[in-house]
Number of protein chains: 2
Amino acid sequence: MAEPRGSSIDGKLAEEFAAPSHVDEVKEKMSAFARRHADAGRRVVLITSGGTKVPLESRTVRFLDNFSSGRRGASSAEYFIDSGYAVIFLHRHRSLYPYTRMFLPVNLLEALQFRGGEGASGNTGEVVVNQQLLPNVGKVLKRYNEVKEGGLLLPIEFNTLSEYLHLLKAAAQELSSIGSLAMFYLAAAVSDFYIPASEMPEHKIQSSNGPLQLSMKMVPKILSPLVKDWAPKAFVISFKLETDASILLDKARRALDAYRHQAVVANILDSRRGHVVVVTPDTQTELTLNEEDAKNEVEIEEKIVSNLIFAHTKFINQPIG
Amino acid sequence: MAEPRGSSIDGKLAEEFAAPSHVDEVKEKMSAFARRHADAGRRVVLITSGGTKVPLESRTVRFLDNFSSGRRGASSAEYFIDSGYAVIFLHRHRSLYPYTRMFLPVNLLEALQFRGGEGASGNTGEVVVNQQLLPNVGKVLKRYNEVKEGGLLLPIEFNTLSEYLHLLKAAAQELSSIGSLAMFYLAAAVSDFYIPASEMPEHKIQSSNGPLQLSMKMVPKILSPLVKDWAPKAFVISFKLETDASILLDKARRALDAYRHQAVVANILDSRRGHVVVVTPDTQTELTLNEEDAKNEVEIEEKIVSNLIFAHTKFINQPIG
């Protein structure tokens, strides 16, 4: 499993994946954010979250996508902030977002009402949240405002695989300046396959032409230059999602061997909300939600984040060598 | 362009597309809804909305999707209800929804505040909507509650192409009982291609196996049995979205020839929010938003719905022949 060198991936990125026009602007934001927090003694985690869109046409009607609501990334962001980290949240447009994710299960118009009642004489025209339906709204709103005030969350959006790859590279380069204070928490569900811009039809593929034969190339393994070249001192976590439990841990180990990063969070599609394994070169730690946790609405991400922050602290304090 | 007979499509549907387990329950709901409203002299429109998910694996990590926010379907539903129709809203899970679509452009936590101010002595713990940021919330909430009270909107969700096809068939069969009072407004962005369940791998496709060759079959043209067999008296509108303007109207005409339904709403990806052409066997009507409309926040869907309701009235009143 020899990996191509970082430099060749750089070339491929430039040639076959269109860079978003605002990448320099985003770079500046990320750089200032990292510098400001590191100067204040705060660690910075870059979280990637959500699935990537892989267009089949350049004027895109059809695309390939990866299953991901963005739930894991959004909830993890909250736990990192609670533990004193500043968070760059690189997420798919309209995937779940920290704090606002609380609104997902409800139809919001069901949870709003006129103060004093509709049409009643006490109706002031004010619209209030029904806290029977959204019991946590006050707590979450307060926390959201604190985080905003503290400037602890920098949201960056991507939509396509190309945008994701270029923005992640930009983030890695900017975060390299804070060395081991930076953590990469790569929870996004990134496509392994794509169609190069040069081979993509411009217009919508016509069904009158018959069945569709798609030939998709392999996406360059960006973890390789990220670890070797772009942010070599950072603490890097990747995620491995499989449906077949029998190959999961072997695949996690192979990824660690190939990319030489610090940990893989391994999980199975059906059980991902209640069970993961954190795999490092020397350890293998199972994290599980038990009945007690479920009753208390504990989320598995709280345990994942806590485990990784402990490891990050050890990593920062290790003798250089 | 000979179309396969409806009956052969029925067979294909049963064999190659898994029916959702709740289809009978949904059928009953739709049937009761249509009957109740038709008895009250109300017309019923079935709106389909959003894109379809086409799994590449049976334990799905990857899928093909079609670009669609569901905006057109959701806004059209509101205009149909305003014009006295009852609406069955067959939509992709988490695509835009009538009325609640107003929240899309804002981060909701930005639009909420504590009554009396955070931490102030007047803070009652009540959370109110900031109507400077959401000026229409009162009006929309009132309308939402009226529509709910009147039972004018029946939401049905789909996720995959299979669910969409089976639920649309069920809707057509149930709505056939109200004859020409039923309209089908097929605005969903439906995939033309799929992988049959029998040819689908169970587990996540492994990138270590190299580049991906996908061979996708053509989705049966469900409009054919819908018009001929399932709801032969209904007023049926399909949508045609292209990126290449030079083929659009020809494709719309060919669809009318092939399926013998009443109208095609033809539109181009880039201009779809400001311009469409309603094509019928005898007419071709351009609908456009002008500057005045844009200033008044008029939506193109208001014009589309108004045009089609006029045609539906003529269709209902035509001499039977």
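The name recorded for chain A in an unreviewed UniProt entry is Phosphopantothenate--cysteine ligase, from Oryzias latipes. For the record of chain A, the UniProt heading Function (unreviewed entry) holds the text "Catalyzes the second step in the biosynthesis of coenzyme A from vitamin B5, where cysteine is conjugated to 4'-phosphopantothenate to form 4-phosphopantothenoylcysteine. Has a preference for ATP over CTP as a cosubstrate." Note on chain A: under the UniProt heading Sequence similarities (unreviewed entry), the record states "Belongs to the PPC synthetase family."

1. Quick notes on the overall build of chain A
Counting its secondary structure elements, chain A contains 9 helices and 14 strands. Scaling as 2.2 N^0.38, a compact globule of 321 residues should have a C-alpha radius of gyration of about 20 Å, and chain A matches this with 22 Å. For chain A, the spread of C-alpha atoms along the principal axes amounts to about 70 × 65 × 45 Å. Across the 321 residues in chain A, those meeting the buried criterion constitute 55%. Restricting to contacts in chain A with at least 6 residues of sequence separation, those with at least 24 account for 72%. When the accessible surface of chain A is totalled, it reaches about 14,300 Å², and 49% of it is carbon and sulfur. Of note, chain A has its 37 positive side-chain charges centred 2 Å away from the centre of its 38 negative side-chain charges.

2. Considerations on the packing of aromatic side chains
On inspection of all chains with the given rule, the structure shows 16 aromatic pairs over all chains. A ring pair is formed by Phe235(A) and Phe315(A), whose centres lie 5.1 Å apart and whose planes are at 55 degrees; its orientation type is tilted. Taken as a pair, Phe235(A) in strand S11 (residues 235-242) and Phe315(A) in helix H9 (residues 300-317) lie far apart in primary sequence, 80 residues in all. Each member of the pair, Phe235(A) as well as Phe315(A), is classed as buried. A ring pair is formed by Phe17(B) and Tyr194(B), whose centres lie 4.4 Å apart and whose planes are at 35 degrees; its orientation type is tilted. Of this pair, Phe17(B) sits in the loop between helix H1 (6-16) and helix H2 (23-39) while Tyr194(B) is found in strand S9 (residues 193-194), placing the two residues 177 residues apart along the sequence. Among the residues examined, Phe17(B) registers a relative accessible area of 3% and is labelled buried.

3. With respect to the pattern of salt bridges
On inspection of all chains with the given rule, the structure shows 45 salt bridges over all chains. Across the pair Glu110(B) and Lys148(A) runs a salt bridge, and its minimum N-O distance is 2.8 Å. Here the residue Glu110(B) occupies a position in the loop between strand S4 (86-92) and strand S5 (112-114), and Lys148(A) occupies one in helix H4 (residues 137-149), the pair thus bridging two chains. In the salt-bridge network here, residues are joined through shared partners; they are Arg71(A), Arg72(A), Glu78(A), Arg101(A), Glu299(A) and Glu301(A).

4. A look at helix H6 (residues 223-230) of chain B
Among the 8 residues in H6(B), 6 count as buried, and that is most of the element. Those residues of H6(B) not exposed but buried are Leu223(B), Ser224(B), Pro225(B), Leu226(B), Val227(B) and Trp230(B).

5. Thoughts on the packing of H2(B) against helix H5 (residues 161-175) of chain B
Residues and elements named next belong to chain B. In the contact formed by H2 and H5, the axes pass within 9 Å of each other and the chain directions differ by 35 degrees. Where H2 crosses over H5, the two elements pack in a sense that is right-handed. On H5, the residues that touch Val23, Val26, Lys27, Met30, Ser31 and Ala34 of H2 are His166, Leu167, Ala170, Ala171, Gln173, Glu174 and Leu175. The class makeup of the residues in the contact of H2 with H5 is 8 nonpolar, 3 polar and 2 charged.

6. Observations concerning the interface of chain A and chain B
The interface is formed by 66 residues belonging to chain A together with 65 residues belonging to chain B. Each partner contributes to the roughly 6,200 Å² buried at the junction of chain A and chain B, and carbon and sulfur atoms together form 56% of this total. Applying the counting rule to chain A against chain B returns 6 salt bridges. Across the salt bridge formed by Asp192(A) and Arg62(B), the nearest N and O atoms sit 2.5 Å from each other. Our count for the contact surface shared by chain A and chain B stands at 36 residue pairs in polar contact (both at pLDDT 80 or more). Of all elements in the fold, only strand S3 (62-66), strand S5 (112-114), strand S6 (127-129), H4, strand S10 (212-218), S11 and helix H7 (245-259) of chain A reach the threshold of two or more residues within the side of chain A that touches chain B.

Reading guide: rules and limits
- Residues numbered from 1 in each chain as written.
- Chains lettered and ligands numbered in written order.
- Predicted model: local features only at pLDDT ≥ 70, side-chain atom pairs only at ≥ 80, totals over all residues.
- Heavy atoms only, no water.
- UniProt positions renumbered as here; feature names shortened; annotations may be inferred.
- Helix = DSSP H or I, 4+ residues; strand = E, 2+ residues; numbered from the N terminus.
- Rg over C-alpha atoms; globule rule 2.2 N^0.38 Å.
- Buried < 20%, exposed > 50% of the residue type's maximum accessible area, 1.4 Å probe, protein only.
- Contact = heavy atoms within 4.5 Å.
- Areas by Shrake-Rupley, 256 points an atom, 1.4 Å probe, with all protein chains shown as cover.
- Lys, Arg positive; Asp, Glu negative; His and termini not counted.
- Charge placed at Lys NZ, Arg CZ, Asp CG, Glu CD.
- Phe/Tyr/Trp six-rings, centres within 6.5 Å; stacked < 30°, edge-to-face > 60°.
- Salt bridge = Lys/Arg side-chain N within 4 Å of Asp/Glu carboxyl O.
- Axes fitted to C-alpha atoms, helices over the stretch in contact; angles between N-to-C directions.
- Left-handed = near helix turned anticlockwise from the far one by under 90°.
- Nonpolar A, V, L, I, M, F, W, Y, C, P; charged D, E, K, R; others polar.
- Buried area = accessible area lost by both parts, 1.4 Å probe.
- Polar contact = N/O pair within 3.5 Å; in protein donor to acceptor, adjacent residues only side chain to side chain.

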